[in-house]
Amino acid sequence: MMMMQMTFYWGTKVTILFDSWAVAEGDYGWYWGSLAIVFFFGFVQELIAFLRLRLPPAKPKSSEANKNSDGGIHLEMEEGKTCEDGGCHTSSGSPTLMTRRERLSSWSTWVRILLYVLHISWSYVLMLVFMTYNGGVCISMLLGLAAGYLVFRAGTPYEGGTSDACCA
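Criteria and thresholds
Throughout this description, residue numbers start from 1 for each chain and increase along the sequence as written. Where local features are concerned, this predicted model is filtered to residues with pLDDT of at least 70; where side-chain atom pairs are given and counted, the filter is 80 or more; whole-chain, interface and lining totals use all residues. The basis for every side-chain value is the complete set of non-hydrogen atoms in the structure, without hydrogens or water. Secondary structure follows DSSP: runs of H or I at least 4 residues long count as helices, runs of E at least 2 residues long count as strands, and numbering of each begins at the N terminus. Here's how the labels work: a residue is buried when its accessible area is under 20% of the maximum for its type, exposed when over 50%, partly exposed in between, all with a 1.4 Å probe on protein chains only. What makes two residues a contact is simply this: any of their non-hydrogen atoms within 4.5 Å. Each accessible area is a Shrake-Rupley estimate made with a 1.4 Å probe; only the visible protein chains count as cover when residues are assessed. Here, a salt bridge means any side-chain nitrogen of Lys or Arg that lies within 4 Å of a carboxyl oxygen of Asp or Glu. Fitted lines through C-alpha atoms serve as axes, helices being fitted only where they are in contact, and the angles separating the N-to-C directions of these axes extend from 0 to 180 degrees. In the scheme used here, Gly and all other residues not listed as nonpolar or charged are polar, with Ala, Val, Leu, Ile, Met, Phe, Trp, Tyr, Cys and Pro taken as nonpolar and Asp, Glu, Lys and Arg as charged. What counts as a ring pair is set by centres within 6.5 Å for rings of Phe, Tyr and Trp (its six-membered ring), and what kind of pair is set by the plane angle: stacked under 30 degrees, edge-to-face over 60, tilted for all other angles. What makes a nonpolar core is a set of buried Ala, Val, Leu, Ile, Met, Phe, Trp, Tyr and Cys residues whose side-chain atoms join them at distances within 4.5 Å. Between N or O atoms, a polar contact is any pair within 3.5 Å; within protein, one atom must be a potential hydrogen donor and the other a potential acceptor, and residues adjacent in sequence are included only when both atoms are from side chains. Note: crossing handedness is left-handed where the near helix turns anticlockwise from the far helix by less than a right angle, and right-handed where it turns clockwise. Residue-level confidence of the predictor is summarised by pLDDT, bounded by 0 at the bottom and 100 at the top.

**Q** Just checking my understanding: could you explain the overall build of the protein for this structure?
**A** From N to C terminus, the protein includes four helices and six strands. Ordered by position from the N terminus, the helices and strands of the protein form the series β-β-α-β-β-β-β-α-α-α. Within the span of the protein, comprising 168 residues, buried residues form 30% of the whole. For the protein, restricting intrachain contacts to residue pairs at least 6 apart in sequence, the fraction spanning at least 24 positions comes to 57%. Summed over its atoms, the accessible surface of the protein is roughly 11300 Å², and 65% of this surface lies on carbon and sulfur atoms.

Spelled out as structure tokens, the structure:
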């Protein structure tokens, strides 16, 4: 049985994900190529996150629905309600939620589910790559994640959760 490295180390001898992706000690060409592939893996992680967050939300089929609703749960607007700048304000009454059948019959809901599963699965793959504990592999992945974030998400507002700025 082969023992797994459990501490961070430097060197070119590393096995990444599969036994067939093993780099021998001193094989610098294959090692640097592997670092480039791992960098690309991190970059792709941020691309998947970007696509998942930028996919347009499902639209309610009701004619009363507001076309500017903000997020995964869509609101049918009653008289006296407005949605501006990503926040919904109401003068009276409460919003009604989009029905489950309407959400599940939307193609964008299924694409969101697929992208979510892909995003989470890819995150686990990256975790396994990081757990090689090879310093070069770990740094290469972190640089790929940073480059992907810089290209796809830097400067964009935070999209996951609530913000006090919308309610000010």
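**Q** What am I meant to see in the pattern of salt bridges here?
**A** Pairs can form between side chains of opposite charge once their charged atoms are near each other. The tally for this structure, following the rule as stated, stands at one salt bridge. A salt bridge links E46 to R153; the nearest nitrogen and oxygen atoms lie 2.9 Å apart. Taken together, the positions of E46 in helix 1 (residues 28-54) and R153 in the segment after helix 4 (135-152) put the pair 107 residues apart, joining distant regions of the chain.

**Q** Explanation requested: the packing of helix 3 (residues 107-130) against helix 4 in the structure shown.
**A** The description of two packed helices rests on the angle between their axes and on the distance between the axes. Two elements in contact, helix 3 and helix 4, have axes separated by 9 Å at closest approach and are oriented at 145°. Across from L126, V129 and F130 in helix 3, the residues of helix 4 making contact are V137, C138, M141, L142 and L145. Of the residues contributing to the contact of helix 3 with helix 4, the split by class is eight nonpolar, no polar and no charged.

**Q** It is not clear to me how the packing of aromatic side chains should be interpreted in this structure. Could you clarify?
**A** Any two aromatic rings considered together are summarised by their centre-to-centre distance and by the angle between their planes. In total, this model carries seven aromatic pairs according to the counting rule given. When the ring of F41 is compared with that of W122, the centres are 5.1 Å apart and the planes differ by 70°; the resulting orientation is edge-to-face. Of this pair, F41 sits in helix 1 while W122 sits in helix 3, placing them 81 residues apart in sequence. Feature note: the residues F8, F130 and Y133 constitute an aromatic cluster, connected by ring pairs.

**Q** Got a minute to help me understand the environment of T109 in this structure?
**A** Along the chain, T109 turns up in helix 3. By relative accessible area, T109 is classed as buried at 15%. When the C-alpha atoms of T109 and L55 are compared, they prove to be 9.4 Å apart, with 54 residues separating the residues in sequence.

**Q** I tried to follow the nonpolar core on my own but got confused; where do I start?
**A** One recurring pattern in soluble globular proteins: nonpolar side chains tend to sit buried together. In this structure, V14, I16, V38, V129 and V137 are the most contacted members of the largest nonpolar core, which totals 13 residues. Elements supplying a minimum of two residues to this core: helix 1, helix 3 and helix 4. Setting aside residues no more than four positions away along its own chain, V14 makes contact with Y9, W21, A22, V23, Y31, T132, N134 and V137.

**Q** Where do I start with the side chain of S140 in this structure?
**A** Tracing the backbone through its elements, the reader meets S140 in helix 4. There is a polar contact of 3.4 Å between the side chain of S140 and the backbone nitrogen of F39. Not counting residues up to four positions away in its chain, the partners in contact with S140 are L35, V38 and F39.

**Q** Hey, could you run me through the packing of helix 1 against helix 4 in this one?
**A** Their axes nearest at 7 Å, the elements helix 1 and helix 4 cross at an angle of 35°. Here helix 1 runs over helix 4; the crossing is right-handed. Residue-level contacts link Y31, L35, V38, F39, G42, F43, Q45, E46, L47 and F50 of helix 1 to G136, V137, S140, M141, L143, G144, L145, A147, G148, Y149, V151 and F152 of helix 4.

**Q** I tried to follow the confidence of the model for the protein on my own but got confused; where do I start?
**A** Caution applies to low-pLDDT parts of the model: their predicted coordinates are not meant to be read in detail. Considering every residue of the protein, the mean pLDDT works out to 77; 65% of them sit at 70 or more. Strand 3 (residues 75-76) is the least confidently modelled element of the protein, averaging 46 in pLDDT, while helix 4 averages 96, the highest of any element. Below a pLDDT of 50 lies the segment residues 161-168, which in the model reaches one contact outside its immediate sequence neighbourhood of four places, other chains included.

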